[in-house]
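A closer look at the structure
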Amino acid sequence: MRNMKPILLVEDDKVDAMTVKRALKDIKVMNGLTHTVNGEEALEYLRGESNKKPCIILLDLNMPKMNGVEFLKIVKEDEELKKIPVVVLTTSKDEQDKIESFKLSVAGYIVKPADYKKFVEAVRTIELYWTLSELPDGG
Amino acid sequence: MVVLALALTVALIAPQALADSSSSREYQIKAAFLYNFIKFVDWPEEKMADSNEPIIIGIIGKSPFGNAFEPLKAKKIKGRSVVVKRFKGFEKLKKSSGKNETELGRKIEALRKCHLLFICSSEKKNLKEIINSVKDHSVLTIDGMEGFLEAGGIIKFLVEEKKIHFEINVTASKRAKLKIRSQLLRLAKKVVKEKPSKEAKS
Amino acid sequence: MSKLRTMTIRHKLISIIMLTCIAALLLVGAAFIVWQWTNLRLAMVKSLSIHAEIIAENCKAALAFEDVKDAEETLKALHVEPSIVFACIRSSSGKDFAHYYRYDVDKSIHPPEFQQEGYVFGDGYLTVFKDIVLDGEVIGALCLRSDLYPLYVRLKLSTGIIIAVLLLASLVAYFVSSRLQKVISGPILRLAEGAARIGEGKLNHRVKIRSKDELGHLAQSFNDMAGKLKESYASLEKKVQERTSELSSANEKLEVEIVERKQAEERQAQLLEEIESINQELKDFAYIISHDLKAPLRGIKTLVDWITTDYADKLDEEGGEQMNLLSGRVDRMHNLIDGVLEYSRVGRVKEKMVQINLDELVREIIDSIAPRENIEITVENELPVVVCEQTRIIQVFQNLLSNAVKYMDKPQGQVRIGCVEEDGFWKFSVADNGPGIEEKYFEKIFQMFQTLSPRDEFESTGVGLSMVKKIVELYGGKIWVESEPGKGSTFFFTLSKQEMGVKDAKYEANIVSRR
């Protein structure tokens, strides 16, 4: 990423989280990674004053307590938070999920590949894209 | 034929003079009348016995008829033919027969044989004699002279107003055993009935 | 005419009798009048002729002796006969001889033309001509003319009498007929009344007519009919009651049936609903299974991958072997889940029936399998065009072909695909020269999760053949295998032509090939 803002990862599965972290490390992304296990926690973090606003949110959909869609809804309501680009990173191929996500203005929807190597490629693509793409300041 | 003759006669009576030599109308009519009389008179049986015998019309004296009977000759009356016999005047008859009684008798007999006897006016003198000689022999005596009927004659012609009439002596007819039909009697101008006391003497 | 219809029997009868009487009377009257007319005329002629004779006889002499006066006197006698208007004597010369005129007659009237003896009716007069013959000779002719007054008088009288008689007779006829018509109308009215009563429903009513004529018979028949009617009514009533009770019991049964059927239908609907919901549940279930069961597998795979990578130096050969096994098991699990899911979807998930050219499809499948160079897959004859669910037929061929390829043990592998028509079925065959199968396993291989070789040798879920069997049987066909161990195996399966729904292969081929 361009800046040094952290990346917020909202993911409940430990292995999947590890995969993301590992993948980021593999592609040498230096941004910090904040990991929350569900939507609630993620919101808490985002609202937390002392917390740095992330430059991108990687969001899983199937989570306990508050799932991705619910989280998305709330985030996109928030004037401040909705600026943050959200990329859905999920196992679900469900058409309905896709529709919901794009309705809620996600920046991207990536289905987690089963293969780790492919996963790394996907993360690299995200990283490349967001390195290129510019975000408004003040976030 | 007869019709024509009669018609002619009737039509001619008025203008023509009676003195016509051949046949005056008067005598034509009289001739016709004579014929007609026969039709209305019935003779006794003895005189009419033989139907083949003709009916005899006798004319004694000077006949004024001329050929008035000509057209009537062919006529049949009561189915018999009619014959017209001319007789000379009574005087002449007597004279011609002379003293021959039989001759006279014969001639009188001939007279008596007639059914009709027309006595001409020339026989005026002998009128009674003639009538007497035939009066019982059913002879219809006809004359036109005055006093005829008184003399015993049966029918008397008379001409009045250019019409021919006749008078009938019924008694005389009865005497002669002749029946004259009432129709004829009716037509007669006068019907004379002799008084019963009076009797004609011959 | 309509009036005639509305008249009562009584009036009709009276009218008929009256009309008949009057007609007869009129006829008689007319005949009588005509007869009288004729007779009167003849009498008149006779009378006048007699007069003429007498006059003629009496005028003979007058005519013969041209005594007009006498003739006219004779003629005058005619005044006693008031009807004689005119008399005339003409002489044989044709000239008028004497005349007589009735007192009131115009004397200037021309006497009529003299005709032959005889009589003539004309101009309201009778004229008689008589020849006057004297002694066989026609000396003239007499003409007498009389008016027809007496004739008319007599006729008027007759007519008057006849009319009077007619009226009287009509009156009498009326009275008599109005009495006598009862003989006919009485019974008829009684019959009519009887019919009306019975029509009202008083079936016990009987008509009493004692006469021995047709009306009596009619009454008899009528009464019989009424009796029979009563009987038949009674029996009908009974029958109706029977039927009604039958019907009502049948009705009850029907109602029960209907209720039962309704209940059955409701149950059916319920069941359908349940099935639907079950189906839906299964669908969801399948989805969940596929998704949630697979999730941990992914995690395991990843970790295995990382361990293999990160601790490669710490793993010895056995360790590496175990890791491989672990990974393999994870894959197997994945395939099993997919296989079971797929198996469950066969028959449950209905796809659209489409026409498929098997030649083309099989070629595609062969391409997708991408066998090794030493394996040759050939299609022996032209494969038909079928109508079926695409996925299913693909699964069938794919499974069989991939099996043939996978288990090939010969250096030159040969797989032959064929099809023959048999008794309304297509019999497909997939024959290989692989290892073959022992007879005792012919049945077993089609069972779920059955494999013949250990799974570690040939990675297999054991689902494929059972799924193929399920699909084939779903389409009304059969699947079996003929094999000789060491030589090879031939898998046969039949598909019913009717199930497939294709009638003319060539025709269908045209359609499909254009797609």
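The model shown is predicted, which means the values in this text are computed figures rather than measured ones.

Bringing the overall build of chain C into the picture now. Along the backbone of chain C there are 12 helices and 12 strands. Across the 515 residues that make up chain C, the buried fraction comes to 36%. Counting only contacts in chain C whose residues sit at least 6 apart along the sequence, the fraction spanning at least 24 positions is 67%. Accessible surface for chain C amounts to roughly 31,700 Å². Of this, 57% is attributable to carbon and sulfur atoms.

Taken residue by residue, the interface counts 20 residues in chain B and 17 residues in chain C. For the chain B and chain C pair, buried surface summed over both sides reaches about 1,600 Å², with 54% attributable to carbon and sulfur atoms. For the pair chain B and chain C, the interface holds three salt bridges. Here K75 of chain B ties to E137 of chain C by a salt bridge, and the two come within 2.3 Å at their closest N and O atoms. Between the two partners, chain B and chain C, sit eight residue pairs in polar contact (both at pLDDT 80 or more).

Now for the layout of surface pockets. All names here are of chain C. Here the largest pocket is characterised by a volume of approximately 1,200 Å³. Lining the largest pocket are 49 residues, and of these N399, T461, V463, G464 and L465 sit closest to its centre. Every element with two or more residues in the lining of the largest pocket is listed here: α6 (214–310), α7 (317–345), α9 (390–406), β10 (425–432), α10 (464–474) and β12 (488–496). Residue contributions to the lining of the largest pocket peak at eight residues, all from α9. Of the residues assigned to the lining of the largest pocket, the class counts are 20 nonpolar, 19 polar and 10 charged.

Let's shift gears to the packing of helix α1 (residues 14–26) of chain A against helix α5 (residues 116–132) of chain A. Residues and elements named next belong to chain A. For the pair α1 and α5, interaxial distance at closest approach is 9 Å and the crossing angle is 65°. The element α1 and its partner α5 pack so that their crossing is right-handed. The segment α1 lies against α5, with T19, V20, R22, A23, L24 and D26 engaging Y116, F119, V120 and V123. Along the lines of polarity and charge, the residues of the contact of α1 with α5 split into seven nonpolar, one polar and two charged.

What follows is about empty space enclosed by the protein. Taken as a whole and assessed by the stated rule, the structure comprises three cavities of 30 Å³ or more. Around the largest cavity, the lining residues are D16, T19, K112, P113, A114, D115, Y116 and F119 of chain A together with R298 and T302 of chain C. Counting only elements with at least two residues in the lining of the largest cavity, the list comes to α1 and α5 of chain A together with α6 of chain C. Here the residues of the lining of the largest cavity are counted per class, giving four nonpolar, two polar and four charged. When its volume is computed, the second largest cavity comes out at roughly 50 Å³. Taken together, I131, V134, K135, V139, T141, G152, I154, A172, R175 and A176 of chain B make up the lining of the second largest cavity. Within the residue set of the lining of the second largest cavity, elements represented by two or more residues are α5 (127–134) and α7 (170–175) of chain B. Looking at the lining of the second largest cavity residue by residue, the classes come out as six nonpolar, two polar and two charged.

On to a negative patch on the surface. A surface patch of like charges, here negative, comprises D316, E317, E318 and E321 of chain C. With respect to the secondary-structure elements, E321 of chain C resides in helix α7.

Moving on to the sheet that holds strand β1 (residues 84–91) of chain C. All names here are of chain C. Taken in spatial order, the five strands of this open sheet run β2-β1-β5-β4-β3, and their pairing is antiparallel. Single-partner strands in this sheet number two, and they are β2 (96–101) and β3 (118–122). The sheet shows a mean angle of 15° between the axes of neighbouring strands, taken without regard to direction. Of the pairings in the sheet, the one linking β1 to β2 comprises five bridges and is antiparallel in character. Looking at β2, one finds that R90 is bridged to D96. The sheet contacts of helix α2 (residues 9–64) involve β1, β2, β3, β4 (125–134) and β5 (137–147), and relative to β4 the element is tilted by about 35°.

Residues and elements named next belong to chain C. When pLDDT is averaged along chain C, the result is 84, and 95% of the positions lie at 70 or above. Mean pLDDT across the elements of chain C bottoms out in helix α12 (residues 505–514) (47) and peaks in strand β11 (residues 479–484) (93). Low pLDDT, under 50, characterises residues 501–508; the stretch is placed with 11 contacts to residues that sit more than four places away or in other chains. Scored below 50 in pLDDT, residues 510–515 makes seven contacts in the model with residues more than four places away or belonging to other chains.

Ranked by size, the top nonpolar core spans 73 residues in total, and within it L34, F37, L140 and F166 of chain B together with F65 and I89 of chain C carry the most contacts. Take this core: its biggest share by element is 12 residues, from α2 of chain C. Filtering out sequence-adjacent residues up to four positions away, F166 of chain B remains in contact with F33, F37, I155, K156, F157, L158, L184, L187, A188, K189 and K190 of chain B together with F65 of chain C.

All right, on to the interface of chain C and chain A then. Facing the 10 residues of chain C at the interface are 12 residues of chain A. Approximately 1,100 Å² of surface area, both sides summed, lies buried where chain C meets chain A, with 54% of it carried by carbon and sulfur atoms. For chain C, the biggest contributors to the area lost against chain A are H291, R298 and W306 of chain C; these three give 55% of the whole. Remark: the boundary between chain C and chain A carries two salt bridges. Close ionic contact of R22 of chain A with D310 of chain C constitutes a salt bridge, the shortest N to O distance being 2.1 Å. Here chain C and chain A share two residue pairs in polar contact (both at pLDDT 80 or more) between them. Considering only residue class, the side of chain C that touches chain A consists of three nonpolar, four polar and three charged.

Here the focus is the confidence of the model for chain B. Regions with low pLDDT should not have their predicted coordinates read in detail. Residues and elements named next belong to chain B. Chain-level pLDDT for chain B is 77 on average; 82% of the residues reach the 70-or-more range. Within chain B, helix α1 (residues 2–13) has the poorest average pLDDT of any element, 63, and strand β1 (residues 41–42) the best, 88. Across residues 14–22 the pLDDT falls below 50, and counting only partners more than four positions away or on other chains, this stretch makes eight contacts in the model. Predicted confidence for residues 198–202 stays below pLDDT 50, and this span has eight contacts to residues more than four positions away or in other chains.

What follows is about the sheet that holds strand β7 (residues 155–160) of chain B. Each strand in a sheet pairs with its neighbour through backbone hydrogen bonds, running either in the same direction (parallel) or in the opposite one (antiparallel). Residue and element names in this part refer to chain B. Taken together, eight strands build an open sheet; the order of strands is β3-β4-β2-β5-β6-β7-β8-β10 and the sheet is mixed. In this open sheet, the two strands that pair with only one neighbour each are β3 (76–77) and β10 (190–192). In this sheet, strand β6 (residues 140–143) lies alongside strand β5 (residues 116–119) in parallel orientation, the contact comprising four bridges. From the neighbouring strand, L117 faces β6, where its bridge partner is T141. Against the sheet, helix α2 (residues 25–40) touches β2 (55–60), β3, β4 (80–87), β5, β6, β7 and β8 (163–169), its axis set at about 145° to β7.

Let us look at the packing of α2 of chain C against helix α3 (residues 68–76) of chain C. Residue and element names in this part refer to chain C. The contact between α2 and α3 brings their axes to 8 Å, and the two run at 165°. Comparing the axis directions of α2 and α3 gives the class roughly antiparallel. As α2 packs across α3, the resulting crossing turns out to be right-handed. Note on element contacts: α3 touches α2 through D70, A71, T74 and L75, opposite I55, N58, C59 and A62. Across the contact of α2 with α3, the residue classes break down as five nonpolar, two polar and one charged.

Thresholds, definitions, all that
- Residues numbered from 1 in each chain as written.
- Chains lettered and ligands numbered in written order.
- Predicted model: local features only at pLDDT ≥ 70, side-chain atom pairs only at ≥ 80, totals over all residues.
- Heavy atoms only, no water.
- Helix = DSSP H or I, 4+ residues; strand = E, 2+ residues; numbered from the N terminus.
- Buried < 20%, exposed > 50% of the residue type's maximum accessible area, 1.4 Å probe, protein only.
- Contact = heavy atoms within 4.5 Å.
- Areas by Shrake-Rupley, 256 points an atom, 1.4 Å probe, with all protein chains shown as cover.
- Buried area = accessible area lost by both parts, 1.4 Å probe.
- Salt bridge = Lys/Arg side-chain N within 4 Å of Asp/Glu carboxyl O.
- Polar contact = N/O pair within 3.5 Å; in protein donor to acceptor, adjacent residues only side chain to side chain.
- 1 Å grid on protein atoms, 1.4 Å probe; cavity = no way out; pocket = protein on both sides within 12 Å on 5 of 7 lines; lining within 4 Å.
- Points joined across faces, edges and corners; volume = space filled by probe spheres on them.
- Nonpolar A, V, L, I, M, F, W, Y, C, P; charged D, E, K, R; others polar.
- Axes fitted to C-alpha atoms, helices over the stretch in contact; angles between N-to-C directions.
- Left-handed = near helix turned anticlockwise from the far one by under 90°.
- Patch = residues over 30% accessible without salt bridge, like charges linked within 9 Å, V, L, I, M, F, W, Y side chains within 5 Å.
- Lys, Arg positive; Asp, Glu negative; His and termini not counted.
- Charge placed at Lys NZ, Arg CZ, Asp CG, Glu CD.
- Pairing = 2+ DSSP bridges.
- pLDDT = per-residue confidence, 0-100.
- Core = buried A, V, L, I, M, F, W, Y, C linked by side-chain atoms within 4.5 Å.
- Parallel < 35°, antiparallel > 145°, perpendicular 65-115°, else oblique.

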